[in-house]
Every structure is written in structure tokens, then in C-alpha cells.
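Structure at a glance
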Amino acid sequence: MGAVSRQRIAVFGAGAWGTALAQAFSGTHDVRLWGRDSAHLQTMARTRENRRYLPDVRLHDALIFEPDFTLAAQSADLHLVVTPLAGLRDTVRELHRLRPRTPLIWACKGLEAGTGRLPHEIVAEELGRDAACGVLTGPSFAAEVARGLPTAITLAAGDEQFASRWVATLHQPRLRIYANTDLVGCEIGGAIKNVMAIAAGVSDGLGFGLNARAALITRGLAEIARLAAALGGRSETLMGLTGMGDLILTCTGDLSRNRRVGLELAKGSTLTDILRDLGHVAEGVSTAREVVTLARSKGVEMPICEAVDALLHHGLDARSAVERLLARDPRHE
């Protein structure tokens, strides 16, 4: 790719993923990182490290830590929202009030609690369907991106020109970005893989072995593809980075928060204790309930998601959840 113009990027959300993306784009672009905890930002500015979420990663000297939300919003050529999904709607609404025509990219995954909305549906409700916006998603652990390890992700947008422009702008030698126009497929893959990772963690924690894990991943991908198709997504999307790629990484990687939830559930830990000790948001926990509701409304069968929802929210124990799946009647693949 040829040289691209330097952009002013405001990153909203100073957790692991927000910090990692701010780190990745610093140097090439002028990046300001905003977070809700101003004391945490001050510590990061002083130590050049996010010890809370990304310990032992030296942050770029050019990265600016900005405690003033308004200043960050009004000085940017691009708004990059990397809050948990629960914070997306309010953040987008406030950004629209402060600087309504600034291009927007979000990096949140999941289904909104209570509404079952995908992130792009939330953004459309707040900004309108013609807004210049897209999602950054795909198989990526924050710690590896922050350390500059090779990663490939997707920028999906309804507007192909928007996706192509920002892919060219944000693409890095170690953070390769690919354009896509299938928002539904990309976001369904990114949301439900977290639920599948909880199932994989339970299976691994119970010692069911690698064969069982492979079966869960494969059948999990089939579930994801069925729901994506029912919502208008494209099957080929689920064979790429935001489907198969993200699913494999999250179900097998030791850095996966959702997989860790499953591992701890298999030990008999309570969900309350697991989430308290985790220290990060595990989006699969709330997404499980929403995806089951959404799938039923569309007439889509999703037995793995149903088992995870029953385990998390309806009192089913871990071993029974896995055995329920193993006891299903044989059928054609």
C-alpha cells in the first residue's frame, strides 16, 4: 500500500483492547486515548503502561492520554469506540451530539442486553442508517496486538467506499486489516464465538479432550452460520476471519476471557465469583441469553448456545450441560 495521510484518532475505552488499538495506531497516526477513570489515565501517562489490563507492555511515547471526553471527540478525524458493548449506545449518542459528522468505527462484540441488538443496529438507531461508520472485528487478543505480534482482522461497513478508505488508512505491517460489507455476518460471528468459547472451556475443564473440543467448534460454527443466514448474513463471511478465525482463537487460546469462564465453571466456581476475579468483561455471559431469545424468534436451532445459557442463567451444572449436548440424537451433518 502507498503512503496514507496522518489522521487524528480518538480511542474511547482504555481497557485492554482500546489500549492495544491505540498502541497499534500510534506513531503512524496522532492518537488520543480516553477512559472513564482519569486517575488510571494519569498513571498510564506517567508509567507508559496499562498495568491493570496490559501489564508489561511499554506504550508508545507518542500516545496521548486524554481525560476530557469532549476534547478527545472534537479534535478527532476518526472516533474509535472500544468500550464494552453496554457502553456503546451512550458513547455513540454523546459523540454524535459533540461532533455529528465524524467517521465512527467501533470494536465492540455481542448482543445488547435487553434488546438483542447487534452493534451496527445500535449505531443505526443513534446515528441513522446513512452514517459513515463500520466495525473492527476478528481474531485478536489485545496483549498480542499491543506487543506488535502479527494479527489479521476485518473492517466491515455497509458502505464499501468507507471500508476501503479506512482499511487503507489503518492497515499496519503487523495489524493487517481486510474490508468486508457483511455487517451482519461479521458481527454475529464476533458475538456468538464468545458463547462457544464458554462451552469449549467447560468441555476442556471437565477433561473431555481435544476431539470433543473440535466437535464443539465445528458444530458451533454451524450454529453461528444458521443464525447469520436467518438475519441476512453471507455464508462465506463465516468461513473467514470474523467467523472461523475468531471462533478458533477464542475457543482454544489461553488468553480468552470467555474460555476462562468455562474452565472455572467446570471447577464448580460460581459465576459471580468468576466474573469478580476475572477483572474484565466476558461478553459471552450476557450474549448467551440474548442469542437464545433471538434464535427462537427466528426459528433457528442453537443447542450449544441453549446449553450455555442454561448453565449460566438457569441453574444447569457444567457436566449436565455438556452431557446434554453429547446425548442429542444423531442426524445428518
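From a predicted model like this one, the values you see are computed outputs, not experimental measurements.

Conventions used here
Residues numbered from 1 in each chain as written. Predicted model: local features only at pLDDT ≥ 70, side-chain atom pairs only at ≥ 80, totals over all residues. Heavy atoms only, no water. Core = buried A, V, L, I, M, F, W, Y, C linked by side-chain atoms within 4.5 Å. Buried < 20%, exposed > 50% of the residue type's maximum accessible area, 1.4 Å probe, protein only. Helix = DSSP H or I, 4+ residues; strand = E, 2+ residues; numbered from the N terminus. Contact = heavy atoms within 4.5 Å. UniProt positions renumbered as here; feature names shortened; annotations may be inferred. Axes fitted to C-alpha atoms, helices over the stretch in contact; angles between N-to-C directions. Parallel < 35°, antiparallel > 145°, perpendicular 65-115°, else oblique. Left-handed = near helix turned anticlockwise from the far one by under 90°. Nonpolar A, V, L, I, M, F, W, Y, C, P; charged D, E, K, R; others polar.

1. A look at the nonpolar core
Core analysis: the biggest nonpolar cluster contains 50 residues, and Ile192, Leu227 and Val261 have the highest contact counts within it. The element best represented in this core is helix α8 (residues 183–205), accounting for eleven residues. Each residue touching Ile192, except ones within four places of it in the same chain, is listed here: Ile224, Leu227, Val291, Met302 and Cys305. The next biggest cluster of nonpolar side chains, apart from the first, holds 39 residues, and it includes Ala20, Ala146, Trp166 and Leu175.

2. Focus on the UniProt feature "domain: Glycerol-3-phosphate dehydrogenase NAD-dependent C-terminal" (unreviewed entry) in the protein
In the numbering adopted here, UniProt assigns the feature "domain: Glycerol-3-phosphate dehydrogenase NAD-dependent C-terminal" (unreviewed entry) to residues 182–323. Between the end C-alpha atoms of residues 182–323 there is a gap of 35 Å, over a span that is 79% helix and 0% strand.

3. Here we look at the packing of helix α14 (residues 283–298) against helix α15 (residues 303–313)
Put simply, α14 and α15 touch, their axes get as near as 9 Å, and they point 130 degrees apart. One element, α14, and the other, α15, form an angle in the oblique class. α15 is crossed by α14, and the crossing has left-handed handedness. Residues Gly284, Val285, Ala288, Arg289, Val291, Val292 and Arg296 of α14 pack against Cys305, Glu306, Val308, Asp309, Leu312 and His313 of α15. Broken down by class, the residue content of the contact of α14 with α15 amounts to seven nonpolar, two polar and four charged.

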